[in-house]
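Structural overview for review
Spelled out, the chains give:
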Amino acid sequence: MVKLKGSPRAGLCGATLGFFIGFAAVALFGPTAKIFRDLMGLTPGQVGLLVAIPSLSGSLLRIPFGAWVDATGGRKPLLILLGLGWAGMLGLSLVIYFLYPHGLTASMYPLLLILGVLVGCAVAIFSVGISQVSYWFPQKKQGFALGAYAGLGNLAPGIFSLLIPVALPTLGLTGSYVAWLLFFTTGIVIYWFAGVNAYYFQLREQGMTRDEAIRIAREKGQEIFPRGGAAEGLFHAARIWKTWALVAVYFVTFGGFIALTAWLPTYWSSFFKMPALSAGLFTAMYSILSSLIRIWGGSVSDKVGGTRTGIFALAVMFSGAMIMTISHDYLLSLVGEVLMASGMGVANAAVFKLVPAMVPEAVGGATGWVGGLGAFGGFVFPPLMGLFVQLEGSTGYASGFIIFVALALVSMGILLIFERSVRAEMVKTRV
């Protein structure tokens, strides 16, 4: 007898919860980086590396774990990543509990980096959840579903950036980390019961053949099915040039989103000498806006197409980055931040509207490449922006945004080429 659990809505809710919990793993690094810098005597470059290091593991692990969804669904990979992130957070909490403040010296920097790598494992959940949701929903609804998943999940850093400046004076650094660990633990338990794979994977787990599982799942409304296992999905997606075009754009938009969520607290507090609470509020505004507008961006992509939506969004991002580069006034910089948040959020939604449409037979593999290598920008950008500060002094906090000016232009060019190539392929198909 066939037993199936869940529904597309339940699958979306479970995956979104898992991503929200996992992405909250990096939330403490940005707001508390200044404390580590002062106690340990870190350089701007070291601070940039510290806030970026979770993005290293969080991006690279998206590749194999995202592809693994093609073989197992999403529940098992997601739980493993949550467990690794929990271990890293436990280690950080113990280090701070026993060594803060006087034991946190420069010699502890390598240990913090290692624990940051572990915490970052939970960030890799993104590609797992994207694939899991893609298998649940028909293509005509994927823009909204994936936008809702990523948009609501991405709220975690913004919410924590808002809460941490309030929590630190009340609970202290140690209490804040312990409170976050308890939150993380509770979230893992909830996901254990809420997380559910798409029908095809449930049927395969019950011993059905691939053809029979596809037949029954299709009757239930599932439209997309994996071509093979994790390795096959990765290799197949890698052979399609569209995968790499989307990787390049996502490197700028989502990698930039992760990087700025970690970098902006330092930018606002160091460049404009804002108190921690104000810097946290401005960072939260960026993160929350970029996350929520991603839901709207998904809906727009369903209506007008992912490519056109992405080009428009990158133009908005470009204008915001230009303002941030030249501005030395905090109100003008705030306008630039809002434009960057809006452009990045909508562009992120547009990219993942295109992934299941362009590589439907290897969604997990394509998602792994796009989500993994794309998110790697979150590791690359903060040290680069820290280098501007080291070379130019405080003015480097503004001029470092020239990186995003240039890359927004490059990304627009990529999507223009992408659109022309897709149109040409459609003409050939009709002929």
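Let me sum up the structure you'll find in this document.

The rules behind these values
- Numbering of residues begins from 1 in every chain and follows the order in which that chain's sequence is written.
- The predicted origin of the model limits local features to residues at a pLDDT of at least 70 and limits the giving and counting of side-chain atom pairs to 80 or more, whereas totals for whole chains, interfaces and linings rest on all residues.
- Side-chain figures throughout are based on the complete set of non-hydrogen atoms in the structure, without hydrogens or water.
- Runs of E in the DSSP output that reach at least two residues are strands. Runs of H or I that reach at least four are helices, and both are numbered from the N terminus.
- Only C-alpha atoms enter the radius of gyration; for comparison, a globular chain is expected to reach 2.2 Å times N to the power 0.38, where N is the number of residues.
- Only protein chains enter the area calculation, which uses a 1.4 Å probe; residues under 20% of their type maximum are buried, those over 50% are exposed, and those in between are partly exposed.
- Any two residues having at least one pair of non-hydrogen atoms within 4.5 Å are treated as being in contact.
- Per-residue accessibility takes into account occlusion by the displayed protein chains alone, with areas from the Shrake-Rupley method and a 1.4 Å probe.
- Pairing of aromatic side chains requires ring centres within 6.5 Å, counting the rings of Phe and Tyr and the six-membered ring of Trp. Pairs whose planes differ by under 30 degrees are stacked, by over 60 edge-to-face, and all others tilted.
- By the criterion adopted, a ring carries a charge over it if an Arg CZ or a Lys NZ lies within 6 Å of its centre and within 35 degrees of its normal.
- Think of a polar contact as two N or O atoms within 3.5 Å of one another; within protein, one of them needs to be a possible hydrogen donor and the other a possible acceptor, and neighboring residues in sequence only count if both atoms come from side chains.
- Throughout, an axis means a line fitted to C-alpha atoms (over the contacting stretch in the case of helices), and angles, computed between N-to-C directions, take values from 0 to 180 degrees.
- Should an angle fall under 35 degrees it is taken as roughly parallel, and over 145 as roughly antiparallel, whereas 65 to 115 is taken as roughly perpendicular and any remaining angle as oblique.
- Note on convention: the crossing is left-handed when the near helix lies turned anticlockwise from the far helix by less than a right angle, right-handed when the turn is clockwise.
- For this scheme, ten residues count as nonpolar: Ala, Val, Leu, Ile, Met, Phe, Trp, Tyr, Cys and Pro. Four count as charged, namely Asp, Glu, Lys and Arg, and the remainder, Gly too, count as polar.

Some details on the overall build of the chain
- If you tally the helices and strands in the chain, you get 20 helices and 0 strands.
- What you see for the chain is a C-alpha radius of gyration of 21 Å, in line with the 22 Å of a compact globule of 431 residues.
- Oriented by its inertia axes, the alpha-carbon framework of the chain measures out at about 60 × 45 × 30 Å.
- The proportion of buried residues among the 431 residues of the chain is 60%.
- Across the chain, the fraction of contacts at a sequence separation of at least 24, relative to all contacts at a separation of at least 6, is 84%.
- If you sum the accessible surface of the chain, you get close to 16200 Å²; carbon and sulfur atoms cover 70% of it.

Some points on the packing of aromatic side chains
- The final tally for this structure, using the stated rule, is 34 aromatic pairs.
- Their ring planes at 10 degrees and their centres at 5.3 Å tell us that Phe 19 and Phe 23 sit as a pair that is stacked. You can see Phe 19 and its partner Phe 23 sitting in helix 1 (residues 8–23), 4 residues apart, about one turn around the helix. Accessibility classification places Phe 19 together with Phe 23 in one group, the buried group.
- Taken together, a centroid distance of 5.8 Å and an interplanar angle of 70 degrees make the contact between Tyr 200 and Phe 225 edge-to-face. Placement of the pair is Tyr 200 in helix 10 (residues 199–205) and Phe 225 in the loop between helix 11 (210–219) and helix 12 (230–238), with a sequence separation of 25 residues. Comparing Tyr 200 with Phe 225, the two get one shared label, buried.
- In textbook terms, an aromatic cluster arises when at least three aromatic residues are bridged by ring pairs, as seen for Phe 251, Trp 263, Tyr 267, Trp 268, Phe 271, Phe 272, Phe 282, Phe 381, Tyr 397, Phe 401 and Phe 404.
- Above the ring of Trp 192, the side-chain terminus of Arg 75 is found at 4.8 Å from the ring centroid.

Details of the side chain of Lys 353
- The topology assignment puts Lys 353 in helix 16 (residues 330–358).
- A relative accessible area of 16% means that Lys 353 is categorised as buried.
- Here Asp 302 takes part through its side chain, which lies 2.9 Å from a polar atom of the side chain of Lys 353.
- If we ignore the near neighbours within four places in the chain, the residues touching Lys 353 are Gln 139, Gly 143, Ser 301, Asp 302 and Gly 306.

What about the environment of Gly 195?
- Position of Gly 195 relative to the elements: it lies in the loop between helix 9 (155–194) and helix 10.
- C-alpha separation for the pair Gly 195 and Phe 235, spaced 40 residues apart in sequence, amounts to 28 Å.

Details of the packing of helix 13 (residues 241–271) against helix 14 (residues 276–304)
- Where helix 13 contacts helix 14, the axes come no closer than 7 Å and their chain directions differ by 160 degrees. The angle between helix 13 and helix 14 falls in the class roughly antiparallel. Crossing angle aside, the handedness with which helix 13 passes helix 14 is left-handed. Note on element contacts: helix 14 touches helix 13 through Ala 279, Phe 282, Thr 283, Tyr 286, Ser 287, Ser 290, Ser 291 and Arg 294, opposite Tyr 250, Phe 254, Gly 256, Phe 257, Leu 260, Thr 261, Leu 264, Pro 265, Trp 268 and Ser 269.
- In terms of residue class, the contact of helix 13 with helix 14 is made up of 10 nonpolar, 7 polar and 1 charged.

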